[in-house]
Amino acid sequence: GGGGGGDGTAVETNPLHRASEAAAREALRSEVNGHPAGGDAASGPGRRPARRISTEDSSRPMLGVDSVITARRSNDRSSIVAAATGVPSAAAKAAAAASSDASKAANVAAASDADLGQVLSWSTNPMQASLTRSSSKGDILYDARGMPVREGVQGLYKIYRSKAMRELGIFLLNFALFYFMAWEVYDPHDGFTTDDALLDLFLDEEFEGHNYKKNFEELRTMNDVWEWIEGPLYNGIYQTEWYNGDAYTEDELGYVLGYFRVVGGVQLRQLRVNDHSCTERRFVDEVATHIDPDTGKEVQMGRYDTPDGTCYDAFSPSAESREPFGPASDPDRYQWTDGHHSLDGLYGFGPSYGTGGFISQLPLDADEALAKLQEMKADGWTDEGTRAVAVQFNLYNTQTKLLTSARILFEFFNSGLVLPSYKMFTIKVVVYESKMDGLRAIVEVLYLAFIVYYVQRELKHIAHQKRKLVYFTHPQNFFEVSLILLNIIGAAAWVSFTSNPLRQTFDVNVPHFVDTYELANSFINTFTWAGGIGLCYALKMFKFLAVSRKMATVFLTLSRAASDLAAFMFCFLLVVAGFALMANFLFGHLLVKYHTVMSSFSALLRYPLGDFDYGDLSRARPALASGFFTMYNVMVFLVIMNMFIGIITKYFDEVHEEVKKHDSWKHSMIGWEGEVWLMWAHRLRRWRRVLWCCKKDPFREKE
């Protein structure tokens, strides 16, 4: 047989080398086709029985006959591998080497190795195992009729996997730095405990003199607003005695709940409209004749007008009143000023009230503050023209070093509705003082370095593209660019907060009110961006998990089903929009969830999550509630949601079967955990003499 070694004996006993060149080519062609040349494949001395190419062999790339013969004749590793990998330039050079002198063959073989090195290094080439497993490299080509694709793909996959693992290490370091930096600055748990204590004190405190629990959420009239200001607000800010009746000492005054220092008192800000702001809405041209009961004379009166001819419109910049007002003794007591933070109404209800307003401040002294409130109430500080009153105060916890900026807003609509709302932000105003703050500053610099690294890497990728805009059409590229932009925005927001002059000059002992709302809002916005960055970091993990197609099944399923899901979502949103219009007309005048089309749309989208109250619908419109509720649930739950499940299930099954089929070539590979273990084992073997505890090689088998 031809199973000899790689020496000259193997060449002599091999019938392929004893035959002439033409006969050898014919014999090899016959073997490839499964038919022996000149007789039965089993006959003839030293011949192996010819066999047909199996299904497994047919999936492997077949070598050209000339290349195989040339490679066998040279019996050189470079020529054999070049012919096996199908590198055209290497095969041509190897064929030329067969008819050249020894020196030329050596040069060509070296060139073949160089060409092959561009594809895959010989030391990491999985084909090396196939070429060295047999005692004769020529026998490998003879038996397998070519190099199998499996080993080549596995080698390329190992290179890709190693690169992905390196990128994963860099990403995890960036991820760790980001979360250390974020949590070191601000712990949301501390913010929650602070806000919860203050909300319970100011907003859940019961009004005195009522036989039921009436608190902030029960405010419905202007009288209720003043009752809250003189009750829970005043009693909460200006605490003067302990629970047992003992009076506060001089040092204890100015604290709330014993921990929160009141910074600069309380500010009340009012937005108004003038008394002739809605002339067009009164239809002054529509008049009717009436008899005056006192004089008996006919008088012309507006059919839709007020008796005194005044009218207060909804708030708008054109209707806003900036004229001074006050009591008859001092008509200019309250002046309009500008330059405050922008005041926005409750989302979905109130408008933007701008940066101006009529300001009144309550001092730090409790008696003076009470006198000021009584004066404002006697002057009629609020009336029909009032459209908003914002109450602001700042509290600094001297134990946790956290600043709380609170803003309580009351909106007065010309429809008669009084709508209370609040915003309370607890922030860390001292950010660079302790040793841990210094460590975090170093982490911030490293985080900025990572941003620069990812920016330059992405710019290189874009520069290599011929069509720049096409680069952004790929979802993964778009995601990477978006993540970089989020990091830049988040970093810019943090720099803006830390460089704010108000933060740098903040002092808890100031005697006058300091508006810290914008400072606190910028802090909260910074961590809002941080929340989005954290979500994107978590999603980016799927990029590295995609090394295993099983872990990437979710995204593979969604990408396959994208077109069907897009059509489905359009139909689904169209159905929900139709029911939103219906709900707005049926229940919008009675239920807040449906008072606008957008709020109705939002409420109906939450129905599949179980966020609905049939009792509200039934109490509002008992005759129509059951029909509306049944139609919507049949359409959405029984029809549309089952269609969605069917689409996802169909593509998931397809992807699952494809993954099982396409990943079969990985079964014979060592996992990345095994590769990591072998890498460290190899390093320990090299450095075993340095380690004092390892005098012997633990990896060498005992003799």
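Here's a quick rundown of the structure. Since we're looking at a predicted model, the values are computed, not measured.

Take the overall build of the chain next. Along its length, the chain carries 25 helices and 11 strands. Taken across its 703 residues, the chain has 38% of its residues classed as buried. Restricting the contact set of the chain to residue pairs at least 6 apart, pairs at least 24 apart contribute 66%.

Within the element layout of this structure, D379 appears in the loop between α14 (366–378) and β9 (386–397). Polar side-chain contacts of D379 include one of 2.7 Å to the side chain of R333. Look past the residues within four positions of D379 in its chain and what remains in contact with it is P327, R333 and Y334.

With that settled, the discussion passes to the pairing of strand β4 (residues 298–302). With five bridges connecting them, strand β3 (residues 287–291) and β4 associate as antiparallel partners. For V287, the partnering residue across the bridge sits in β4 and is G302. Counting the residues in the hairpin turn of β3 and β4 gives six residues, including G296, whose phi is positive at 75 degrees.

The subject of this paragraph is empty space enclosed by the protein. Using the criterion set out here, one finds three cavities of 30 Å³ or more in the structure. Roughly 80 Å³ of volume is contained in the second largest cavity. Where the lining of the second largest cavity is concerned, the elements lending two or more residues are α15 (435–463), α17 (475–498) and α19 (517–545). Here the lining of the second largest cavity gets four residues from one element, more than from any other, and that element is α17. Of the residues in the lining of the second largest cavity, the class split is five nonpolar, two polar and two charged.

What follows covers the nonpolar core. One finds F202, W228, I237, V391, F393, L395 and F410 to be the most contacted residues of the largest nonpolar core, which totals 41 residues. Among the elements of the structure, α12 (188–202), α13 (222–237), β2 (260–272), β8 (357–362), α14, β9, β10 (402–412) and β11 (418–427) are those that each provide at least two residues to this core. Looking at this core element by element, the count peaks at seven residues for α13. Discounting chain neighbours no more than four positions away, the residues touching I237 are F202, V256, V262, V266, F393 and L395. In terms of nonpolar packing, the next biggest core, distinct from the first, is built from 25 residues, L565, V576, A625 and V636 among them.

Moving on, we get to the environment of A314. Its place among the elements puts A314 in the loop between β4 and β5 (336–337). A sequence separation of 100 residues divides A314 from N414, and the C-alpha atoms of the two residues are 5.8 Å apart. Beyond its immediate stretch of four places on either side in the chain, A314 contacts V273, A319, R387 and N414.

Let us look at the pairing of β9. Where burial is concerned, most of β9 is hidden: 12 out of the 12 residues are buried. Bridge analysis of β2 against β9 gives 10 bridges, and the strand direction is antiparallel. What sits directly across from Q270, in β9, is V389. Pairing of β9 with β10 involves 10 bridges; the strand directions are antiparallel. Its bridge partner lying in β10, A388 is registered against E411. Linking β9 back to β10 in an antiparallel pair, the connection comprises four residues, with K401 at a positive phi of about 60 degrees.

What follows covers the packing of helix α21 (residues 562–587) against helix α22 (residues 597–605). Running from N to C, α21 and α22 point in directions that differ by 120 degrees, and their axes come no closer than 8 Å. Put simply, α21 runs oblique to α22. Once α21 is placed against α22, the crossing between them reads as right-handed. On the side of α21, the interface is formed by F572, L573, V576, A577, F579, A580, L581, A583 and N584, while α22 contributes V597, S600, F601, L604 and L605.

This brings us to the pattern of salt bridges. Counted by the stated rule, this structure contains 19 salt bridges. For K543, the salt bridge identified is with E167, shortest N-O distance 3.8 Å. Highlighted residues: K543 in helix α19 and E167 in helix α11 (residues 149–185), separated in sequence by 376 residues. You can call E167 partly exposed: its relative accessible area is 21%. Here E320 makes a salt bridge to R322, at a shortest N to O gap of 3.8 Å. Here the salt bridges share partners, and the residues they tie into one network are D330, R333, K372, E375 and D379.

At a minimum axis distance of 9 Å, the contact between α17 and α19 shows a crossing angle of 155 degrees. For the element pair α17 / α19, the angle class is roughly antiparallel. Here the hand of the crossing between α17 and α19 comes out left-handed.

Cut-offs applied
- Residues numbered from 1 in each chain as written.
- Predicted model: local features only at pLDDT ≥ 70, side-chain atom pairs only at ≥ 80, totals over all residues.
- Heavy atoms only, no water.
- Helix = DSSP H or I, 4+ residues; strand = E, 2+ residues; numbered from the N terminus.
- Buried < 20%, exposed > 50% of the residue type's maximum accessible area, 1.4 Å probe, protein only.
- Contact = heavy atoms within 4.5 Å.
- Polar contact = N/O pair within 3.5 Å; in protein donor to acceptor, adjacent residues only side chain to side chain.
- Pairing = 2+ DSSP bridges.
- 1 Å grid on protein atoms, 1.4 Å probe; cavity = no way out; pocket = protein on both sides within 12 Å on 5 of 7 lines; lining within 4 Å.
- Points joined across faces, edges and corners; volume = space filled by probe spheres on them.
- Nonpolar A, V, L, I, M, F, W, Y, C, P; charged D, E, K, R; others polar.
- Core = buried A, V, L, I, M, F, W, Y, C linked by side-chain atoms within 4.5 Å.
- Axes fitted to C-alpha atoms, helices over the stretch in contact; angles between N-to-C directions.
- Parallel < 35°, antiparallel > 145°, perpendicular 65-115°, else oblique.
- Left-handed = near helix turned anticlockwise from the far one by under 90°.
- Salt bridge = Lys/Arg side-chain N within 4 Å of Asp/Glu carboxyl O.

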